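# Structural overview for review
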Amino acid sequence: ELFRTAVTAADPRRVVHGRWPEPPRGRLIALGAGKAAAAMAQAAEAHYGERLSGLAVTRDGYALPTQHITLMEAAHPVPDLRG
């Protein structure tokens, strides 16, 4: 239970809420990699909406649905061709 509580407290969608900077003018591109990349992509999409595009690569099994950022899964810790 303590582990789940710690993981929930560190969820990027929760941690960065309300801390995003104002969007710059022009195109906004996000790039992410790692186990938290999918959750961070969701958080960025929730704040910036359809102005955002980009790519996030996450570990197999960590994918989450995204609308504007392309999400890919790849092997970790040993990279594979997908990554």
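Refer to the preceding data block for the structure.
Below is a summary of the structure that appears in this document. All of these numbers come straight from a predicted model, not from anything done at the bench. (Residues numbered from 1 in each chain as written. Predicted model: local features only at pLDDT ≥ 70, side-chain atom pairs only at ≥ 80, totals over all residues. Heavy atoms only, no water.)

### Re the side chain of T58
- Along the chain, T58 falls in strand 2 (residues 52-59).
- A relative accessible area of 3% places T58 in the buried class.
- A polar contact is formed between the side chain of T58 and the backbone oxygen of K35, at a distance of 3.3 Å.
- Once residues within four sequence positions are removed from consideration, T58 is found in contact with G34, K35, A37, A38, A63, L71, M72, E73 and A74. (Helix = DSSP H or I, 4+ residues; strand = E, 2+ residues; numbered from the N terminus. Buried < 20%, exposed > 50% of the residue type's maximum accessible area, 1.4 Å probe, protein only. Polar contact = N/O pair within 3.5 Å; in protein donor to acceptor, adjacent residues only side chain to side chain. Contact = heavy atoms within 4.5 Å.)

### Some thoughts on the nonpolar core
- Counting residues in each nonpolar core, the largest one holds nine residues, listed as L28, A30, A37, A41, A44, Y48, L52, A56 and I69.
- Sorting the residues of this core by element identifies strand 1 (28-33), helix 3 (37-48) and strand 2 as the ones contributing at least two each.
- By residue number, the principal contributor to this core is helix 3, which donates four residues.
- Look past the residues within four positions of A44 in its chain and what remains in contact with it is W20, G49 and L52. (Core = buried A, V, L, I, M, F, W, Y, C linked by side-chain atoms within 4.5 Å.)

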